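Listed below are the residues making up each chain.
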Amino acid sequence: MQVRDSVAVVTGAASGLGLATARRLTDAGARVVMLDLPASDGAARASEIGGTFIAADVTDPVGIEAALVSARAHGPVRVLVNCAGIGDPARTLGKSGPLALESFERVVRVNLIGTFNVARLAAAAMAETEAVDGERGVIVNTASVAAFDGQVGQTSYAASKAGIVGLTIPLARDLARHLIRVMTIAPGIFRTPILDGLSEQARASIASQVPHPARLGEPSEFADLVMSVIANPMLNGETIRLDGALRMGPQ
């Protein structure tokens, strides 16, 4: 699918993987609508790259629906890249007792339910566009290698990301009749703000486990894969690990 002159919506676009993806889509000629929380740096980042910022919470159905109405004013919505996500590392049984259920629910709500909320509403917008070369739209969701190799303290994060992986094939099948593709990328350890929740020792330990290249991933490399997914019409209903052959240990 060609993105030039089409609208691409990116969530979590104020930083990290989302910002790198928004920048790459803008460079490719897309009209990028960047969604992030009101307190984010989204407005400043959008100004820098030539995108349009809309403050929105991915878990808010009314807010996201309004954001997509605004996005459609810029042209046909043909691309969605879901990058919004949070982490809240904590052991199931810690020094203060069992993990608070509210903490677990919050991560699942943002990462999994938020991803589906935006995907379902973006799909509705895509379904109303004219097909181009047999396609109406592409949805790229972001999981994590934690979906497969969750570590100590990652119960909520790994469960939420595993849910996104599980969502991929049924969502692709649901939307196939509308000529909309769905793919998921499961990144390894990248230089993103979510790493701020880990200690320096934990980050160094994880980076040292990457077989090749033995380093943290760069957000631009994630954006490269997003663009490849958008361009290749046979990529549908699958999760791609982007991790340098990393298989994370227990901790």
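Heads up: these notes are all about the structure in this document. (Residues numbered from 1 in each chain as written. Predicted model: local features only at pLDDT ≥ 70, side-chain atom pairs only at ≥ 80, totals over all residues. Heavy atoms only, no water.)

**Looking at the nonpolar core**
By size, the foremost hydrophobic cluster in this structure holds 29 residues, and its most contacted members are Val 9, Leu 80 and Ile 139. Those elements that place two or more of their residues in this core are β1 (7–11), β2 (31–36), α3 (61–72), β4 (77–82), α4 (101–127), α6 (155–175) and β8 (180–187). Take this core: its biggest share by element is eight residues, from α4. In this structure Ile 139 touches Leu 80, Ala 119, Ala 123, Met 126, Leu 175, Ile 180, Arg 181, Val 182 and Met 183, once residues within four positions along its chain are discounted. Core analysis: the next-biggest nonpolar cluster, separate from the first, contains 28 residues, Met 1, Ala 22, Ile 185 and Phe 222 among them. (Core = buried A, V, L, I, M, F, W, Y, C linked by side-chain atoms within 4.5 Å. Buried < 20%, exposed > 50% of the residue type's maximum accessible area, 1.4 Å probe, protein only. Helix = DSSP H or I, 4+ residues; strand = E, 2+ residues; numbered from the N terminus. Contact = heavy atoms within 4.5 Å.)

**With respect to the pairing of β4**
Along β4, six of the six residues are buried, which leaves the element largely enclosed by surrounding structure. Here β1 pairs with β4 via five bridges, running parallel. Bridging across to β4, Ala 8 finds its partner in Val 79. Pairing between β4 and strand β7 (residues 137–142): four bridges, direction parallel. Considered in β7, the bridge of Val 81 is made with Val 140. (Pairing = 2+ DSSP bridges.)

**Quick look at the pattern of salt bridges**
Considering all chains together, one arrives at eleven salt bridges under this definition. A salt bridge links Asp 149 to Arg 241; the nearest nitrogen and oxygen atoms lie 2.9 Å apart. Placement of Asp 149 in helix α5 (residues 146–149) and of Arg 241 in strand β9 (residues 239–242) is noted, with a sequence separation of 92 residues between them. The exposure class assigned to Asp 149 is buried, which follows from its relative accessible area of 16%. Ionic pairing is found between Asp 243 and Arg 247, a salt bridge with its closest N-O pair at 3.2 Å. (Salt bridge = Lys/Arg side-chain N within 4 Å of Asp/Glu carboxyl O.)

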